[in-house]
Amino acid sequence: MRFMIMLSALVLLSACATAAPDAATPSRAEAPASNQSSSRTVQMFATAGRADAASQRDIERALGAPDIARQEGAGAAWTYRLENCALLLLFAADTRNEMRLAEVHPSARRAGAAAPSLDQCAAEAAARRS
């Protein structure tokens, strides 16, 4: 089951990569995010894999609806496509069958670009919602 979730995650991440930007196209600066929103998002991501991890409802309340959502058996994968990063969130059912955040994976949105840190991606996600 974990293998299927990880395989699904890899497929979703590869779908997020786009063609390399044209050299003439200037890169856009990240939108500034409020430190408070970003901090809450980072704290929520830090709970991943724990018994008190954020639920799907908590994540949706904080970040809005995902751009891609996939249910696979007892797990789920959500992808948020932001300006500079793609954020993959993996969920697993807890003992009460509530979907809880199991893993968080940031990745670059453009082929060849360096993957952003989780903090950078969390700040961008929080800014998008603000």
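Summarised in this report is the structure supplied together with it. (Residues numbered from 1 in each chain as written. Predicted model: local features only at pLDDT ≥ 70, side-chain atom pairs only at ≥ 80, totals over all residues. Heavy atoms only, no water.)

**Overview of the nonpolar core**
Soluble, globular proteins show a tendency: their nonpolar side chains are buried together.
Reasoning step 1: Counting 20 residues, the largest nonpolar core has Phe45, Ile59, Leu63, Leu87, Leu89, Phe91 and Leu101 as the members making the most contacts within it.
Reasoning step 2: Elements supplying a minimum of two residues to this core: α2 (35-46), α3 (56-63), β2 (75-81), β3 (85-93), β4 (99-108) and α4 (118-129).
Reasoning step 3: Top contributing element to this core by residue count: β3, with 4 residues.
Reasoning step 4: Apart from the residues lying within four places of it in its own chain, the contact partners of Leu89 are Phe45, Ile59, Leu63, Ala76, Ala77, Trp78, Tyr80, Leu101, Glu103 and Val104. (Core = buried A, V, L, I, M, F, W, Y, C linked by side-chain atoms within 4.5 Å. Buried < 20%, exposed > 50% of the residue type's maximum accessible area, 1.4 Å probe, protein only. Helix = DSSP H or I, 4+ residues; strand = E, 2+ residues; numbered from the N terminus. Contact = heavy atoms within 4.5 Å.)

**Here we look at α3**
Reasoning step 1: Taken together, the buried positions of α3 are occupied by Gln56, Ile59 and Leu63. An end-on view of α3 places all buried positions within 65° of arc, on one side of the element. In this structure, α3 carries Arg57 and Arg61 as exposed residues pointing more than 90 degrees from its buried face.
Reasoning step 2: Where α3 ends, the next residue or the one after it, Gly64, has phi of about 90°, a positive value. (Arc of directions from axis to C-beta.)

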